[in-house]
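Tertiary structure, described
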Amino acid sequence: VFAGYLKKGGADDITLVDLYKAHMDKIAKDGLIFRNPDGEFHLNGFKTAYSAENIGIMDIVILMVKATQTDSAMAAAAPCIGPETVVATLQNGLGNDENVKKFVPADRIIFGCGNMGTELPEPGVCVAKPAKGNNMFIGPAQKSALTDRAGAYLEKCFAAGGLEPKYFDDVRPYVWRKATSNSGFNTVCAVLRLKIRQVYDDPCGVELVWRIWHEAANVAEALGIPGIWDYMQKEMLNVVNNLGDYYPSMAQDMLMHERQTEVTCLTGAISDYGKKVGVPTPTCDVLTLVVKAQEANYAEQYKKS
């Protein structure tokens, strides 16, 4: 999805690296079918590969794997990361920039988030469901000439491609807003097996979301990132109106694919940060355990015949 926006915005030298062979083969042969609220677009000109071993040194490497796969993905990406390559992590959740620092210096790291739903219905077809208004937030882990140059380029291409991006010197408040929003609906939708609007319409379901958001806001405040709770009051209806008929990514992982989720970088990360700053997070603690127990026992769970 992000490559689709960049291509539409004029980025003319993009290499897609994905282990999903059928997806890469389809794009290499026929191009990418990219759907967003503006319509359907047939995008050509991508290079594709199953690994980064022989693609050459990149100017910018955008990391889009699940947070649980960061270490293995960064190790596999090493052949395409040179001394001036900027690594941009636009992954869901909290702490991704800290993980990337194990592999490249902070002054060559951009981190942030896109405020949108995404779907991959079949190989070669991507669907974007972006929120209205500013929907892409990026900034440097440590400000430098390299991060500023890469950030300006990404901001320009994403904007020309149809998003509303913004590059900030301090992007942490926006990452926490996105992670807080995701932690609420991702986790609760997954556990309750419901879409976002269905959770919102259920008094107990939406109360769980509010509790997660309140705990996240308290933790962020203790970390010196104010304003999260006030923002979430306004964000609730935006999420429901824009993404109400959508199963968020954790629900897709659990209900449709029975695979490992990103709970450790969402409610799990809120719990971990809470312990570091002495802020209680009982709802996040319990729901993280529930998700972990469910994903460890897919084969044993009751299913209707």
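I will try to describe carefully the structure that is included in this document.

Thresholds, definitions, all that
- Residues numbered from 1 in each chain as written.
- Predicted model: local features only at pLDDT ≥ 70, side-chain atom pairs only at ≥ 80, totals over all residues.
- Heavy atoms only, no water.
- Pairing = 2+ DSSP bridges.
- Helix = DSSP H or I, 4+ residues; strand = E, 2+ residues; numbered from the N terminus.
- Axes fitted to C-alpha atoms, helices over the stretch in contact; angles between N-to-C directions.
- Polar contact = N/O pair within 3.5 Å; in protein donor to acceptor, adjacent residues only side chain to side chain.
- Contact = heavy atoms within 4.5 Å.
- Bend = angle between axes of the 7 residues up to and from the residue.
- Buried < 20%, exposed > 50% of the residue type's maximum accessible area, 1.4 Å probe, protein only.
- Phe/Tyr/Trp six-rings, centres within 6.5 Å; stacked < 30°, edge-to-face > 60°.
- Lys NZ or Arg CZ within 6 Å of the ring centre and 35° of its normal.
- Salt bridge = Lys/Arg side-chain N within 4 Å of Asp/Glu carboxyl O.
- Arc of directions from axis to C-beta.

**Some details on the sheet that holds strand E3 (residues 39-43)**
Spatial ordering of the open sheet is given by E3-E2-E9-E8, a layout of four strands whose pairing is mixed. The sheet terminates laterally at E3 and strand E8 (116-122), the two strands that pair on one side only. For this sheet, the mean inter-axis angle between neighbouring strands, taken without regard to orientation, is 20 degrees. Sheet analysis places E8 next to strand E9 (residues 125-130), joined by five bridges and oriented antiparallel. Bridged to Met116 within E9 is Pro130.

**A word on the side chain of Asn96**
Looking at where Asn96 falls in the secondary structure, it is placed in helix H4 (residues 96-100). Here Gln91 takes part through its backbone oxygen, which lies 3.4 Å from a polar atom of the side chain of Asn96. Beyond its immediate sequence surroundings of up to four residues, Asn96 is in contact with Ala67, Thr70, Thr89 and Gln91.

**Digging into the sheet that holds strand E10 (residues 136-140)**
Spatially, the five strands line up as an open sheet ordered E5-E6-E7-E10-E11, and their pairing is mixed. In this open sheet, the two strands that pair with only one neighbour each are strand E5 (58-63) and strand E11 (165-167). The sheet shows a mean angle of 20 degrees between the axes of neighbouring strands, direction not considered. Across three bridges, the pairing between strand E6 (residues 81-89) and strand E7 (residues 109-114) is parallel. Looking across to E7, one finds that Thr89 is bridged to Phe111.

**Quick look at helix H9 (residues 228-243)**
The sharpest bend along H9 measures roughly 40 degrees and falls at Lys234. Within the span of H9, buried status applies to Ile228, Met232, Glu235, Met236, Val239, Val240 and Leu243. For H9, the secondary structure elements touched by its buried residues are E8, E9, helix H6 (172-192), helix H7 (196-201) and helix H8 (203-222).

**Re the packing of aromatic side chains**
Applying the stated criterion to the full structure yields nine aromatic pairs. Judged by centre distance (5.4 Å) and plane angle (85 degrees), the rings of Trp210 and Trp213 are edge-to-face. A residue pair is termed a helical-turn pair when its members lie 3 or 4 positions apart in one helix, as Trp210 and Trp213 do in helix H8 at three residues. Given a relative accessible area of 22%, Trp210 falls into the partly exposed group. Classification of Trp213 as buried rests on a relative accessible area of 0%. Here the aromatic residues Phe185, Trp210, Trp213 and Trp229 are joined through ring pairs into a cluster of three or more. Note that Lys7 overlies the ring of Phe46, its terminal NZ or CZ placed 5.1 Å from the centroid.

**Remarks on the pairing of E9**
With respect to burial, E9 is a largely interior element, five of its six residues being buried. Relative to E9, strand E2 (residues 32-36) runs parallel, the two sharing three bridges. Note that in E9 the partner of Phe34 across the bridge is Cys126. Between E8 and E9, which pair antiparallel one after the other, the connecting turn spans two residues, and Gly124 there sits at a positive phi close to 85 degrees.

**Structural notes on the pattern of salt bridges**
In this structure the tally under the stated criterion is 16 salt bridges. A salt bridge links Arg172 to Asp170; the shortest N-O distance between them is 3.2 Å. With a closest N to O distance of 3.0 Å, Arg211 and Glu207 form a salt bridge. Of this pair, Arg211 and Glu207 both sit in helix H8, four residues apart, which is roughly one turn of that helix. The partly exposed category is assigned to Glu207, whose relative accessible area is 36%.

**Some points on the environment of Cys80**
Following the sequence through the fold, Cys80 ends up in the loop between helix H3 (70-77) and E6. Cys80 sits 28 residues away from Ala52 along the chain, and the two C-alpha atoms are 6.1 Å apart. Filtering out sequence-adjacent residues up to four positions away, Cys80 remains in contact with Ala52, Ile55, Gly56, Ile57, Met58, Val61 and Thr85.

**Re helix H2 (residues 21-30)**
Buried within H2 we find His23, Met24 and Ile27. Along the axis of H2, the buried positions cluster into a sector of 95 degrees, meaning they face one direction only. Close packing links the buried residues of H2 with strand E1 (15-17), E2, strand E4 (47-49), E8 and E9.

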